[in-house]
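# Fold and contact review
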Amino acid sequence: MTLSQTIFDFTTLAIKAGGWMDMDRLYLQNRVLGMIGEDAMAEAEVKMPTATAVELMDELVATAKANGMIGKTLAEQEIFEAQLMDLMTPPPSVVNALFAQHYANDPVEATDYFFELCKNNDYIKTRGIAKNIVFPAETEYGTLEITINLSKPEKDPKEIAAQRNAATVAYPKCMLCMENEGYKGRLNYPARTNHRIIRMNLDGEGWGFQYSPYAYYNEHCIILSDEHRPMKISRQTFERLLKIIEVLPHYFVGSNADLPIVGGSILSHDHYQGGRHTFAMAEAKVEILFELPQFADVQAGIVKWPMSVIRLSGTVVKSLVDAAEYILKQWRNYSDPSVAVKAYSEDGTPHHTITPIARRNGERFEIDLVLRDNNVSVEYPDGIFHPHPEVQHIKKENIGLIEVMGLAVLPPRLATELKEVEKYVLEQPNEIAEMHRPWADEMKEKYEFTAANVEAIIQKEVGVIFATVLEHAGVFKRDANGQAAFQRFIETL
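Thresholds, definitions, all that
Residues numbered from 1 in each chain as written. Predicted model: local features only at pLDDT ≥ 70, side-chain atom pairs only at ≥ 80, totals over all residues. Heavy atoms only, no water. UniProt positions renumbered as here; feature names shortened; annotations may be inferred. Helix = DSSP H or I, 4+ residues; strand = E, 2+ residues; numbered from the N terminus. Expected span 1.5 Å × (residues − 1). Buried < 20%, exposed > 50% of the residue type's maximum accessible area, 1.4 Å probe, protein only. Arc of directions from axis to C-beta. Contact = heavy atoms within 4.5 Å. Pairing = 2+ DSSP bridges. Axes fitted to C-alpha atoms, helices over the stretch in contact; angles between N-to-C directions. Phe/Tyr/Trp six-rings, centres within 6.5 Å; stacked < 30°, edge-to-face > 60°. Lys NZ or Arg CZ within 6 Å of the ring centre and 35° of its normal. Salt bridge = Lys/Arg side-chain N within 4 Å of Asp/Glu carboxyl O.

For the protein chain, the name recorded in an unreviewed UniProt entry is Galactose-1-phosphate uridylyltransferase, with Enterococcus diestrammenae as its organism. Quoted verbatim from the Catalytic activity (unreviewed entry) field of UniProt, the annotation for the protein chain is "alpha-D-galactose 1-phosphate + UDP-alpha-D-glucose = alpha-D-glucose 1-phosphate + UDP-alpha-D-galactose". Within the UniProt record for the protein chain, the comment given under Subcellular location (unreviewed entry) is "Cytoplasm".

Okay, structure coming up:
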């Protein structure tokens, strides 16, 4: 394909995306020519392109590099790519208008439109996401999902140093602020020129709906406040979550907890995460039903799950909100020293909150309330209800919303480290990390390893460890003592 044909096909797809008209073709072609450092456009065949927008982008980026139009760092290339793909993306007003048109027909049609747009314009990094190592893990709690996160490209040490030394700019205030839409980016801040946000009104409040660039599951979306304010679990949280699944009934939506250790990575901006995916926790059954006398139209029960989960179900939204708020207030002030559950430190620091998840189940609304406690101790300085030292060689990071629901997001280091574990158990030359050696020795006693089965066995054992990680994060343990303590809390309700 000639360069002129590439440019012509690129502008064809840009017009097809809805942001431009045929009259704009010459303008678009000249914009692209200028960006990639070329001076002239030759004749091209009028046809529907067979290459994707991302494939055409790659060809244009290669020309721009050859012409010295892009700096040498990965950040500079990403900034250029986002600017190029911005031409492939209608402006925010048009995207929102098209979303509304599709939504008038069907909410699924609307999200399908927006999701495809964000993949086609390379905002969702589909090629990076495809690099993740993903496998299932069969456990007594159902099929958990394991992801070793390799989606983000690795930067070289010089670029990392340059980013650290770059001037600090307090704009946008964080990665989730509305001001990210269309932002060029910097050496130490990601490019967002091709980023679009759907505006949402949740009972008079301004919110935005966007997809995650590095999604961990299907249609991984973020709903963010248009105000930069800290996350807070409250009655309003439950109201908003249920409102969101009224607006997008085919999605689940949940919130990270609002305390350090048990919360997510961005507590500074009020936001929720959702998507079109069924997690193991959603399929887990209620094993013990109990009554909430004040809320007769709400069904309540304890879910069979490694963490401590109360599931509320009903058809009346206000009753569900009332019940969830009541349980949150009770939990925030509940202590049981016999199982190391302590609501407040001596200085009044709170330790209890909830990770809530909402979904539709037929005509009924469901809210799962995952009890969280972020206290620490001499024995567990990282957190009493946090991955304990014996499993931190696999997972040391916080257990946030996604992990709570049964999807492990494991660090990139494991991609190479687990290969060395494989060599070790096969008694081949290896560079196994010392932190993995006790685990590997245990597996050697347990299994007869061969080249054919080693990967499957190690993946299975990683799944077992992830289930243990979730058990560590569970406030009321799955043993007799822990379940009796759980019942004592239920009796307070």
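Let's pick the thread back up.
The terminal C-alpha atoms of helix α16 (residues 480-491), which comprises 12 residues, lie 17 Å apart, in line with the 16 Å expected from a rise of 1.5 Å per residue. Of the residues making up α16, those classed as buried are Gly482, Gln483, Ala485, Phe486, Phe489 and Ile490. All buried residues of α16 lie within an arc of 155° about the axis, which places them on one face of the element. Facing away from the buried side of α16 by over 90 degrees, the exposed positions are Ala480 and Glu491. On the buried face of α16, the contacting elements are β8 (286-290), β9 (299-303), β10 (309-314), α11 (317-332) and β12 (364-373).

In this section: the sheet that holds strand β13 (residues 407-410). Reading across the sheet, the 3 strands line up as β1-β2-β13 and stay open at both edges, with mixed pairing between neighbours. Sheet topology places β1 (133-139) and β13 at the edges, where each strand pairs with a single neighbour. Each adjacent strand pair in this sheet contributes to an overall mean axis angle of 20°, direction not counted. Pairing geometry for β1 and strand β2 (residues 142-148), over 7 bridges, is antiparallel. Pairing of Glu138 across the sheet is with Thr143, part of β2.

The 10 strands are arranged β3-β4-β5-β7-β6-β11-β12-β10-β9-β8 in an open sheet whose pairing can be described as antiparallel. The open sheet has two edge strands with one neighbour each: β3 (198-202) and β8. Put simply, the sheet's adjacent strands are angled 25° from each other on average, direction ignored. Two elements, strand β6 (residues 252-254) and strand β7 (residues 271-275), share 3 bridges in a ladder whose sense is antiparallel. Bridging across to β7, Val253 finds its partner in Gly274. Packed onto the sheet, helix α6 (residues 107-120) meets β3 and β4 (205-211) and runs at close to 55° relative to β4.

Here Ala191 is to be found in the loop between α8 (157-165) and β3. The exposure class of Ala191 is buried, given its relative accessible area of 13%.

What follows concerns the packing of aromatic side chains. On inspection of all chains with the given rule, the structure shows 24 aromatic pairs. These aromatic residues form a ring-pair network of at least three members: Phe99, Tyr103, Phe114, Phe115, Phe209, Tyr211 and Tyr251. Here the guanidinium or amino end of Arg25 rests over the ring plane of Phe8, the centre of that ring lying 4.1 Å away. Lying across the ring of Phe365, Arg360 places its NZ or CZ 4.3 Å from the centre.

Let us now look at the pairing of strand β5 (residues 221-225). Among the 5 residues that make up β5, 5 are buried, leaving the element largely enclosed by the rest of the structure. Where burial is concerned, the two faces of β5 agree: the one with Cys221, Ile223 and Ser225 and the one with Ile222 and Leu224 are both buried. Bridge count for β4 against β5 is 5 bridges, and the pairing is antiparallel. Its bridge partner lying in β5, Phe209 is registered against Ile223. Note that β5 and β7 share 4 bridges and pair antiparallel. Residue pairing in the sheet places Leu224 in a bridge with His271 of β7.

With the rule as written, the count across this model stands at 34 salt bridges. Two residues, Asp322 and Arg235, come together in a salt bridge whose shortest N-O distance is 2.8 Å. Note that Asp322 is positioned in helix α11 and Arg235 in helix α9 (residues 235-247), a separation of 87 residues in sequence. The exposure class of Asp322 is buried, given its relative accessible area of 19%. Lys342 is the partner of Glu346 in a salt bridge, and the nearest nitrogen-oxygen pair spans 2.7 Å. You can call Glu346 exposed: its relative accessible area is 72%. A relative accessible area of 32% places Lys342 in the partly exposed class. A single network of salt bridges, built from pairs that share partners, joins Arg235, Glu239, Lys318, Asp322, Glu325 and Lys329.

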